[in-house]
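Residue strings, one per chain:
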Amino acid sequence: MKFLYTLIITILSLPAFSQSGAIQGTIVTTDAQSIEKATVVLLNTNYGSVTDGQGRFGIHKLAGGNYTISVSAIGYATQLKTIVLAKGQSLTIDFKLTESNQQLNEVAVSSERRQESVQKIPGAITFLDAKQIRDYRLWDITNLTAIAPNLFTVEHGNSTSSNFLNIRGVMGFSNEQAVATYVDGVYQSDYFSAPPLFNDIQSIEILRGPQGTLYGRNAFGGVVNITTRQPTNIASGYAEITFGNFGQQRYTAGLSSPMLKDKLFASGSLTYNHRGPIYYNEFTQSGFDRREDYSGNFNLRYLPSAQWSLSLNVKAENDNDRGSFPWVTSYEEVYSKPYQVNTNNTNVERRKNFNTSLAANYYGKNFSFTSVSSYTKFNGYYQGAGVDYDFSPLNALSTAPNIKRKVYAQELRLSSPSTSAGRLKWVVGAYGFSQHNDINSPTYFGPDYLLLDPTSGAPFTSTNIGRENNRGYAFFGQATYSFNAKLDLTAGIRYDYESRRLDQYTNYQKDPDPAILLTPNQAYRANFSAVTRKFVLSYKLKDNMLLYGSYARGFRAGGLNSNATDPAQVPYEPEYSDNWEIGWKNMFFNNKLKLNLTAFYLQQHNQQISTAMDGVNALILNVGEMHNKGLELEVTALPLKGFQIDWNASYSYARYASLLLYSADANAVVDYRGGQPINTPPISSMLAAQYTYDFAGSKQKLAVFARGEYRYLGRYYFDFVNDLSQPAHTLMNAKAGLTSKNFELNFWARNITDKKYIPYGSFGTFLLGTPRTYGTTLIAKF
């Protein structure tokens, strides 16, 4: 064993013996003033440096090869530069950074499983950095609607669960989303357990279209890739306090510091959020809802050598939401009695979410290696009688599901070395997961249920108890070949296999008698597999202008209908999509204007839809064929010093080529072809404009700013037959404040016109969107 350990250490250390190159230089402003504490990083490596008081930096012991340098400093636009370092060469490179109010950042993203400029990646990607997340005041997933073209998030009242994501009309109607959410490289299993609260977020990448080759299961419509702030050699911290109407209070603090310079780094953050009632309960004559959330995030990063890095992440979230799902039963009532309910239940929803992961990265001379091991634990439940399903003061019908979920996952990736000067870049890997769910779902039939069904024998409780065991694995690969400096071809392939198991029985209990078995245990089994492909051809018309075309096959696994009476309908099949995309990406006028234009066409086959073929028993069935085509525009401009405009707009024509649903009028299954998919506005747009005035000569870098946001959504429907809809509407937000090197004070308002709109409606339940909110935020930072 000692010999083996020595051999491994020797092999891993070999590249270091031949590394003698160096990159050094200075970083200054456009008027030649030195910039201290600027960060210099070689992307896709562990190498980096921080400038001294004279703006000097140095990175040593480098092997020859191709490197991309990222240079950033607070208040200045980030620059990316690709260089070639010969073996043993000492290269001197100087940088002049322009203030961020005069030039746009050059952004590096990891959407292709390696860091590179977002403008050089042939795909539709929207990127938000920490400043943009703060500017938009993005506190949770529900704030993401229209932040990217064709992105819609279903706002589900006071509940922190059930956050449906919709990209280009593709969304999930079962527990597992059609848009995959990743947090620090870890896949979140469904829309119930995906952490909806944003805590110490460093960046958000929104990838539109199927991403199955590299991201795997259920990246069917796209990916939302969330990364928390990573610790570095620079010690920093912040504290933030927010107060607003409806009793809004939000406290958050974070700290990042090197524990051992160049070796060990740690960061952590905590957030507490509280908001009082928006809804009024006529039955209790008091406030109905309340939000109370705790969340924490911790990162530990260790660099045992120049080639290896280890990253440990732990995050936890605890939500205590009273008055979740403040539904009313009619479209008319939601407007005639805004923000009112009439119920005898408190609808208290609790969520406890724990995520941890360990990532290991090796950057070698011949290949790079990544391992991500993760464990997630989720518990969502309701207190007391749970959610009121008679929507009235009657003690008639309610349900209180309790879901416990544990997921273990492992991903391994090998890729071409980051410094390779060859024409071929490649990545291959494997992914596996094991998921265990315990479900205890009681339905309470109270004494008032006799008014609805005198023969029911109420009161009694029927409890559905189930255990799910899902497992799967995948193998994938993607390669990009450069024919020359301008033309690239990318091809990818992935094989997925999933096995689903469900054991379920039902108990009946009537006080004071003990529970008895109502239906015996039923065992359901299903297996699914698929091969998906991706092809991309890209051409660099100029250094800052990229044209590409792509095709991708999407796959979303099937599942089990545990309430099916016909055994043939227990398993529902996977759904697939074929996606074509053409894109044009540009940076103009010395990085003062970004303009990206995308055209897409998709066909969604075998769509999984919740419906009833008999008008009674609702199941997930493969009954839809949806086609969508559209255009997407993203523009960021700095027309004047300190004045930035961000605008995205999208148009889509989504229609069902076939949709087989039960019609009560016809008492038969009818094809509703030509209908518009639900929650899919044909036009959406977000325009944000911010002006910042800097006080010249201020040692504290004092500045004032004013910001406005205008969001437009076209008409979207709540039902597949297109009877009920939310008409086109606009929302406006504003923010203004004072900022400096060490603090910020701002005043904000959202939905400033107090627009009444319906973000969610389904199966006879409707609710209003968040009314006008306003407040003030104080931030201290170092």
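Residues numbered from 1 in each chain as written. Predicted model: local features only at pLDDT ≥ 70, side-chain atom pairs only at ≥ 80, totals over all residues. Heavy atoms only, no water.

Bringing the pairing of strand 6 (residues 79-85) into the picture now. The sheet contact formed by strand 5 (residues 65-72) and strand 6 spans seven bridges and is antiparallel. The partner of Val71 across the bridge, within strand 6, is Gln79. (Pairing = 2+ DSSP bridges. Helix = DSSP H or I, 4+ residues; strand = E, 2+ residues; numbered from the N terminus.)

Next up on the list: the nonpolar core. With 49 residues, the main nonpolar core has Leu138, Phe198, Ile204 and Tyr279 as its most contacted residues. At the level of secondary structure, the elements contributing two or more residues to this core comprise strand 12 (151-153), strand 13 (165-167), strand 14 (179-183), strand 16 (201-208), strand 17 (222-228), helix 4 (331-336), strand 43 (683-694) and strand 50 (765-767). Counting residues per element, this core draws most heavily on strand 16, at three residues. With sequence-adjacent residues up to four places away left out, Phe198 is seen in contact with Leu138, Trp139, Asp140, Ile141, Leu144, Ile204, Ile226 and Arg250. Val170, Leu621, Val623 and Phe720 belong to the second-largest nonpolar core, a separate cluster that totals 23 residues. (Core = buried A, V, L, I, M, F, W, Y, C linked by side-chain atoms within 4.5 Å. Buried < 20%, exposed > 50% of the residue type's maximum accessible area, 1.4 Å probe, protein only. Contact = heavy atoms within 4.5 Å.)

On to the side chain of Asn297. With respect to the helices, strands and loops of the structure, Asn297 is situated in strand 23 (residues 291-302). At 3.5 Å, the side chain of Asn297 forms a polar contact with the side chain of Thr228. When sequence neighbours within four positions are dropped, the list of residues in contact with Asn297 reads Asp184, Asn199, Thr228, Ser267, Gly268, Ser269, Asn313, Val314 and Lys315. (Polar contact = N/O pair within 3.5 Å; in protein donor to acceptor, adjacent residues only side chain to side chain.)

Let's shift gears to the sheet that holds strand 21 (residues 280-281). The strand order across the open sheet built from three strands is 22-21-25, with neighbouring strands paired in mixed fashion. Looking at strand neighbours, the two that pair on one side only are strand 22 (286-287) and strand 25 (340-341), the edges of this open sheet. By the bridge criterion, two bridges tie strand 21 to strand 22 in an arrangement that is antiparallel. Residue Asn281 lies in a different strand from strand 22, and its bridge partner there is Ser286.

This brings us to the packing of aromatic side chains. Inspection of the entire model under this criterion finds 36 aromatic pairs. Relative to Tyr576, the ring of Phe555 lies with its centre 5.8 Å away and its plane at 40°, an arrangement referred to as tilted. Here Phe555 is found in strand 35 (residues 545-556), whereas its partner Tyr576 is found in strand 38 (residues 575-588), with 21 residues between them in sequence. When its relative accessible area of 6% is taken as the criterion, Phe555 is described as buried. Taken together, the aromatic side chains of Phe152, Tyr331, Tyr335, Tyr716, Phe718 and Phe766 make up a single cluster linked through ring pairs. Across from the ring centre of Phe600, 4.4 Å away, lies the NZ or CZ of Arg168, which sits over that ring. Taking NZ or CZ as reference, Arg655 lies 4.3 Å from the ring centre of Tyr653, over its face. (Phe/Tyr/Trp six-rings, centres within 6.5 Å; stacked < 30°, edge-to-face > 60°. Lys NZ or Arg CZ within 6 Å of the ring centre and 35° of its normal.)

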